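Residue-level listing of the chains:
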Amino acid sequence: MAIEPRPEVPTTITGTPDQLVSQIDEVRNRLASNVDQLVDLTKPKNIARRSIRDVKAHFVTPSGEPRLENILPVAGAVVGVLGLIVVIRKIVSS
């Protein structure tokens, strides 16, 4: 969800009472929209969804192909850590 750029806001409000009411309603509606966007952005479920999407994008191309240049280093690190754990357990159990 993209946040829209802020519209120009006049520094002084002038006009008839009906125009003032109309301008206040526009400002209130914009503010309500901004608050709704902020609430939506900060929902834990949406934060988790965005995080998962970002992680997937790191390991998979938009066309669904795996990105081996990102997958192989992570897989190597996991294998290395597991190997280190096995070696430490053997040393400790000896």
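Residues numbered from 1 in each chain as written. Predicted model: local features only at pLDDT ≥ 70, side-chain atom pairs only at ≥ 80, totals over all residues. Heavy atoms only, no water.

Draft legend 1. The overall build of the protein chain, seen in detail. Looking only at helices and strands, the protein chain features three helices and zero strands. The order of helices and strands in the protein chain, counted from the N terminus, is α-α-α. The proportion of buried residues among the 94 residues of the protein chain is 3%. With the model as given, the accessible surface of the protein chain reaches about 8300 Å², and the carbon-plus-sulfur share is 65%. (Helix = DSSP H or I, 4+ residues; strand = E, 2+ residues; numbered from the N terminus. Buried < 20%, exposed > 50% of the residue type's maximum accessible area, 1.4 Å probe, protein only. Areas by Shrake-Rupley, 256 points an atom, 1.4 Å probe, with all protein chains shown as cover.)

Draft legend 2. Examining the confidence of the model for the protein chain more closely. When pLDDT is averaged across the protein chain, the result is 88; 88% of the residues are at 70 or more. In the model of the protein chain, helix H1 (residues 17–41) stands out as the element of lowest mean pLDDT, 91, in contrast to helix H3 (residues 68–93), which has the highest, 95. (pLDDT = per-residue confidence, 0-100.)

Draft legend 3. The pattern of salt bridges, seen in detail. Under the criterion given, the structure shown has two salt bridges. Its salt-bridge partner being Arg-28, residue Asp-25 comes within 2.8 Å of it at the nearest N-O pair. Linking Asp-25 with Arg-28, this pair stays in helix H1, spanning three residues, or about one helical turn. Of the charged contacts, one joins Arg-53 and Asp-54 as a salt bridge, the two residues approaching to 3.9 Å between their closest N and O atoms. (Salt bridge = Lys/Arg side-chain N within 4 Å of Asp/Glu carboxyl O.)

Draft legend 4. The arrangement of the environment of Pro-66 in detail. Relative to the assigned elements, Pro-66 resides in the loop between helix H2 (44–59) and H3. Those residues within four positions of Pro-66 in sequence are excluded, and the remaining contacts are Phe-59 and Ile-71. (Contact = heavy atoms within 4.5 Å.)

Draft legend 5. Here's a closer look at a nonpolar patch on the surface. Side chains of Val-74, Val-78, Val-81, Leu-82 and Ile-85 sit close together on the surface and give an oily, nonpolar patch of about 420 Å² of accessible area. For Val-81, a relative accessible area of 48% translates into the label partly exposed. (Patch = residues over 30% accessible without salt bridge, like charges linked within 9 Å, V, L, I, M, F, W, Y side chains within 5 Å.)

Draft legend 6. Seen up close, the side chain of Asn-70. By the element assignment, Asn-70 lies in helix H3. Looking at Asn-70, its side chain comes within polar contact range of the main-chain oxygen of His-58, at 2.6 Å. Apart from the residues lying within four places of it in its own chain, the contact partners of Asn-70 are His-58 and Phe-59. (Polar contact = N/O pair within 3.5 Å; in protein donor to acceptor, adjacent residues only side chain to side chain.)

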